[in-house]
Amino acid sequence: MVNYFFRRLLRGCVSVAVAVSIIMLLLFVLLDKTLIFAEDEQYQKLANNQRTNYMYTVWEKYGYLDLVSYNDYLNELVASGELDEDLKARIATIGRTPEKDSDEVKKYVQQFTDYYSSQGYTVTRLDAVMASPNRVANGGGQSLFASLNTPTLTRVVGFFTSLLTFDNIHYVEEDIGERGLTFTLYDPVYGGEKFSPAIIGNGTFHKYLLYFDDKFPFIHQNFVKLTLGTSFSVNKGVDVFQTMTQSQGAYVQSMTYYPSGLNEISADDLHTATYSAGSREMNLVYQDRYSDDYTNVSLVKKSHSKIYYSFIISIIASCLTYALGLPLGILMAKKKDTWVDNLGNAYVIFMIAVPSLSYFFMFKAIATKLGIPTVFSLENPSIAMYFTPVLVSTISAVSGQMKWMRRYMVDQMNSDYAKFARAEGLSEFEIFTKHIFKNAAIPITHGIPGTIIMALSGSIMMENIYTVPGVGGLLVQAIGAYDNSVIVGVAFFYGALSIISSILGDITMSIMDPRISYTAKAR
Amino acid sequence: MAEKKTCIDLSGTGLTDEELFARVPQDTSAVEKIVAPRYSYWRSVGRVFLSKRLNVIALALLVVVLAFTYIYPMFYTYDKFENLMDAAAKHLTPAAAIQKFGFHLRWIFGTGESGQPTFDAIWNGARISISIAILCTAINYTVGVVVGALWGFAKRVDVVMNEIRNVISVVPGTLVTSVMVLTFSPSFKTLVFAMCITGWISIAYSLRTQVIIIRDREYNLASKCLGTSTFHIATRNILPYMISFIVTMVATSIPGCIGTEAFLSYIGLGISENTLGKIVNTAQGALTVPGWEWEFWCPVLLSAFISIILFLVGQGLGDAADPRTHML
């Protein structure tokens, strides 16, 4: 059995990998790559050649292509000793047009062009854009560079190889003193007096590898990090997974105990300290605060992470759905063909038939009328703002639960063992609770792990309509802003969750019903 | 006490015993015939469907809905900007609109933000939405049923298709549709293509499961032993079982497609034409202004009504299509 589920997991991983490759193929091959600048402010500000240069720099940063500028090439020549600094200084600036190049420059430009053309690169030379015969237009400076598009396969491989990063004590290349991990029971971040275990590393990328704090899920680790791709416009420069899991909202300042012994009111979250080579020497503030180069910290924010809001709302809604849907489904089955059943069926039909957008808006309208907040605000959090999202999710999900529970109960009610139990003289209550429900609940249990796990992914429409700052909106936001790395990352996240929940669902079902076996031999 | 049976008096016929009781030769062709009342599948479907009052009402309403969707726009062409210059024509309640323009069906739901008649706008949008839904459902189910049947029957296809399904089910459906809409221009064709490209696989998969359940039943084994071809088994023995299942799925699929379209237009990936989703979506802005609620509730409720009617007719047909309900 373990063998079977292990194979399922492996096949699931392959499926996710293939799916992610297909998505990447769609996004990076079919989609015009200039679309990513649709929401980019910096792009709008730049003009002429400067804009083109910016585009290529960004494309290189986000893995679209490999870019070599003429100056990079000259620097390389200097490094390898083929060129001296004087000559480099003379030839570094190319003419406004190829005709205006000096002979020396011409020679090296030709060399550059030949070298990179032979390697498959496309060499682009942008002539200066003139505003008047003697004045170069804004951002119109000439430039010369070579670019080579990265094959999608390389990108796919790159995505998977950089998916998991393991922190180790040899991460830091510079001399950092004695490398190693220290375990402490009294976390220095809390002043060193409060009991709070932590593992602190030296030589690792993160300073704190394991620590406790008051943020969900309370215990945090930095040994293994999930990297899903860097965002371009949704949350610029930040990894997708970090975008999902980091806290949001306004900064919270509190007494911070810096490693140097300085105690100061600040919003720095020292637990997030990462290594930044030579940063302490460069910055006077860092010299006051830190005793080493682990200075790169993020700030403590007031509100929870996206994943937290999605999860909390979905999980409460799911609990309510089961708590309401199962009894109602049973009731409908018990009172089959009476007005109770008909009313329940009408409700189920309404929820199936009506577009969810319509009823989400309807509930929003009703909630507004009743004076319940329909907008999720991070500035003034209150319990009431959870009310509508939870209620609406429950109302829409409960119909499905009712439908299936009724179906399973009715199927079991007509089975021979139920008739036999009745003939034996068992009370209806006993038949329902001890026999029918037990069997009808088996298919229901299959969905429970999935419900819990998929709660992490939130709900796209609900979160958008009630402005919940959750994970669900991320995909839509990324699609709207053409943020391809985020789309790929989120899709991978969803895919992995669905694979895990399907396997866990099968395991739960086989635990609940010992008759179910997944191996051919036992059948 | 047994009652004495009266025999028929044959003496009056004037026939001899030999004439009355002659041996009839055995008719070998009649042996194979089973005498049963004449049965026509589609007539029985119609009979069962029309025997329920709810079905008749739903069907009548469906005719009305379809007439308004496809025939009504021929007489009153919808132009969103016909009253654009008339400032007094905007955001009117039904009463105010009727007072201004005189009584006409067009004005019974008031006017919208550009002074357009909401009633006309809804039917204009419904035309595209329902067309998308019907077209997508037709394509998805044609492909889904054919592939599903093959998938269920052929073991080798099963292995390959299961893997394909594993891959496709991992990708969120919203993503596939949105990437398609982003890649190609957001037009009617693109949307239908995007909604069909992966839509058929879930249909094929559920059909495959049903086929596998019924495929190895005793009556099919017996049929196979008697030499019936696989094609005959598929179309004559199994398909009748599947029809109610397929029709029920089709019933949920049409409102489902309308919902998907509404969702896509909500997240900004809808098509440029006027659709139900777009109308509902723009209408929500009216909700915040007191006195404009009509603009919101009319399209929302009417779109809900259209979906429910389509669903009810489909569900009724699904019940009626099940041969087990045809017994008198």
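Heads up: the structure comes first, above all this text.
Residues numbered from 1 in each chain as written. Chains lettered and ligands numbered in written order. Predicted model: local features only at pLDDT ≥ 70, side-chain atom pairs only at ≥ 80, totals over all residues. Heavy atoms only, no water.

Asker: So, the overall build of chain B: which residues are in play, and what are the values?
Answerer: Scanning chain B from terminus to terminus reveals 14 helices and zero strands. When the helices and strands of chain B are placed in sequence order, the string is α-α-α-α-α-α-α-α-α-α-α-α-α-α. Taking 20 Å as the expected radius of gyration for a compact globule of 328 residues, we find that chain B reaches 29 Å, considerably beyond that expectation. Per-residue burial over chain B gives 44% buried out of 328 residues. (Helix = DSSP H or I, 4+ residues; strand = E, 2+ residues; numbered from the N terminus. Rg over C-alpha atoms; globule rule 2.2 N^0.38 Å. Buried < 20%, exposed > 50% of the residue type's maximum accessible area, 1.4 Å probe, protein only.)

Asker: For the packing of helix H1 (residues 2–30) of chain A against helix H7 (residues 152–161) of chain A, give the residues involved together with the corresponding values.
Answerer: All names here are of chain A. The interhelical angle for the contact between H1 and H7, taken along N-to-C directions, is 135°, at an axis separation of 10 Å. By the angle between their axes, H1 is oblique relative to H7. With respect to the hand of their crossing, H1 and H7 are arranged in right-handed fashion. Residue-level inspection shows Ala17, Val20, Ser21, Met24, Leu25, Phe28 and Val29 of H1 in contact with H7, the latter providing Thr152, Arg155, Val156, Phe159 and Phe160. (Axes fitted to C-alpha atoms, helices over the stretch in contact; angles between N-to-C directions. Parallel < 35°, antiparallel > 145°, perpendicular 65-115°, else oblique. Left-handed = near helix turned anticlockwise from the far one by under 90°. Contact = heavy atoms within 4.5 Å.)

Asker: An account of the sheet that holds strand S7 (residues 180–184) of chain A is needed here, citing residue identities and associated values.
Answerer: Residues and elements named next belong to chain A. The four strands lie next to each other as S7-S8-S9-S10, forming an open sheet whose pairing is antiparallel. What marks the edges here is a single partner per strand, and that holds for S7 and strand S10 (219–221). Within this sheet the neighbouring strands show an average axis-to-axis angle of 15°, counted without direction. With two bridges connecting them, strand S8 (residues 198–202) and strand S9 (residues 208–212) associate as antiparallel partners. Opposite Ile200, over in S9, you have Tyr208 as the bridge partner. (Pairing = 2+ DSSP bridges.)

Asker: So what's going on with the packing of aromatic side chains? Residues and values would help.
Answerer: All names here are of chain A. Tallied over the entire structure, the rule returns 43 aromatic pairs over all chains. Considering the side-chain rings of Tyr286 and Tyr290, the 5.7 Å spacing of their centres and the 75° angle between planes classify their relative orientation as edge-to-face. Note on Phe376 and Tyr386: the rings are 5.2 Å apart at their centroids and 85° apart in plane angle, and the pair reads as edge-to-face. Here Phe376, found in the loop between helix H13 (356–370) and helix H14 (384–413), pairs with Tyr386, found in helix H14; they are ten residues apart in sequence, far enough to count as distant. Accessibility classification places Phe376 together with Tyr386 in one group, the buried group. Ring pairing ties together the aromatic residues Phe37, Tyr43, Tyr54, Tyr56, Trp59 and Phe145, which thus form one cluster. One Lys or Arg, Lys194, reaches over the ring of Tyr190 and ends 4.2 Å from the middle of that ring. (Phe/Tyr/Trp six-rings, centres within 6.5 Å; stacked < 30°, edge-to-face > 60°. Lys NZ or Arg CZ within 6 Å of the ring centre and 35° of its normal.)

Asker: I'd like a rundown of the sheet that holds strand S5 (residues 143–149) of chain A, residues and numbers included.
Answerer: Residue and element names in this part refer to chain A. Spatially, the three strands line up as an open sheet ordered S1-S5-S2, and their pairing is antiparallel. Here the strands that pair on one side only, and so sit at the sheet edges, are strand S1 (65–69) and strand S2 (122–126). For this sheet, the mean inter-axis angle between neighbouring strands, taken without regard to orientation, is 25°. In this structure, S2 lies alongside S5, joined through five bridges in antiparallel fashion. Its bridge partner being in S5, Leu126 is matched across the sheet by Ser143.

Asker: For the interface of chain A and chain B, give the residues involved together with the corresponding values.
Answerer: It is common to give the size of an interface as the accessible area lost on bringing the parts into contact. At the junction of the two partners, chain A supplies 39 residues and chain B supplies 39 residues. For the pair chain A and chain B, the summed buried area comes to about 3200 Å², and 83% of that belongs to carbon and sulfur atoms. Sorting the residues of chain A by area buried against chain B places Leu357, Phe361 and Ile479 of chain A first, and these three jointly supply 17% of that buried surface. Linking chain A with chain B are one salt bridge, by the criterion used here. The partner of Glu163 of chain B in a salt bridge is Arg11 of chain A, with the nearest N and O atoms 3.0 Å apart. Our count for the chain A to chain B interface comes out at five residue pairs in polar contact (both at pLDDT 80 or more). Broken down by secondary-structure element, the contributors of at least two residues to the side of chain A that touches chain B are H1, helix H12 (339–353), H13, helix H17 (460–465), helix H18 (472–480) and helix H19 (484–512) of chain A. By residue number, the principal contributor to the side of chain A that touches chain B is H1 of chain A, which donates ten residues. Among the residues making up the side of chain A that touches chain B, the classes are represented as 31 nonpolar, five polar and three charged. (Buried area = accessible area lost by both parts, 1.4 Å probe. Salt bridge = Lys/Arg side-chain N within 4 Å of Asp/Glu carboxyl O. Polar contact = N/O pair within 3.5 Å; in protein donor to acceptor, adjacent residues only side chain to side chain. Nonpolar A, V, L, I, M, F, W, Y, C, P; charged D, E, K, R; others polar.)

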